[in-house]
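# A closer look at the structure
Residues per chain are reported as follows:
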Amino acid sequence: MIYFATIWLDFVSALAIIMVLTIAYGHVRRWISSKQTGQILLGLAFGGVAWLEMHIPLEPMEGLIIDLRNIPLVLCGAFLGWRAGLICLAIAM
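To start, this report covers the structure provided alongside it. (Residues numbered from 1 in each chain as written. Predicted model: local features only at pLDDT ≥ 70, side-chain atom pairs only at ≥ 80, totals over all residues. Heavy atoms only, no water.)

### Some remarks on the pairing of strand β1 (residues 58–61)
Note: β1 against strand β2 (residues 64–66), two bridges, orientation antiparallel. The residue of β2 that forms the bridge with Leu58 is Ile66. Hairpin geometry of β1 and β2 is characterised by an intervening segment of two residues between the two adjacent antiparallel strands and by a positive phi of about 95° at Gly63. (Pairing = 2+ DSSP bridges. Helix = DSSP H or I, 4+ residues; strand = E, 2+ residues; numbered from the N terminus.)

Printed below as a string of structure tokens:
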């Protein structure tokens with residue numbers, strides 16, 4: 001039972017990081033009036049989360065690693081455009 005709880009705790013913590021990123025997305029969009037500056041800052045934030053997700057992988061069982069860095073990469077490219085997507089991709093690589 002303890003092992004099952006730690007898996008869920010790891011999963012929820014990884015999703016919590018992405019939830020904080022979405023809150024930051026809304027605040028940066030409101031505070032920064034320049035579109036390019038906002039894209040660059042958010043690209044850095046999404047890239048930082050991708051890097052963090054890469055260094056804290058989920059391992060539900062021995063030998064199976066779930067890497068969640070693709071989630072911020074896809075969200076960054078879809079919502080922020082190519083500038084932010086390239087910055088995020090460079091950090092994640």
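### Quick look at the nonpolar core
Counting residues in hydrophobic clusters, the biggest one holds nine residues: Leu21, Val28, Leu42, Phe46, Val49, Cys76, Leu80, Ala84 and Cys88. For this core, the secondary structure elements donating two or more residues are α1 (2–31), α2 (35–55), α3 (70–80) and α4 (82–92). Once residues within four sequence positions are removed from consideration, Phe46 is found in contact with Leu21, Tyr25, Pro72, Leu75, Cys76, Leu80 and Cys88. (Core = buried A, V, L, I, M, F, W, Y, C linked by side-chain atoms within 4.5 Å. Buried < 20%, exposed > 50% of the residue type's maximum accessible area, 1.4 Å probe, protein only. Contact = heavy atoms within 4.5 Å.)

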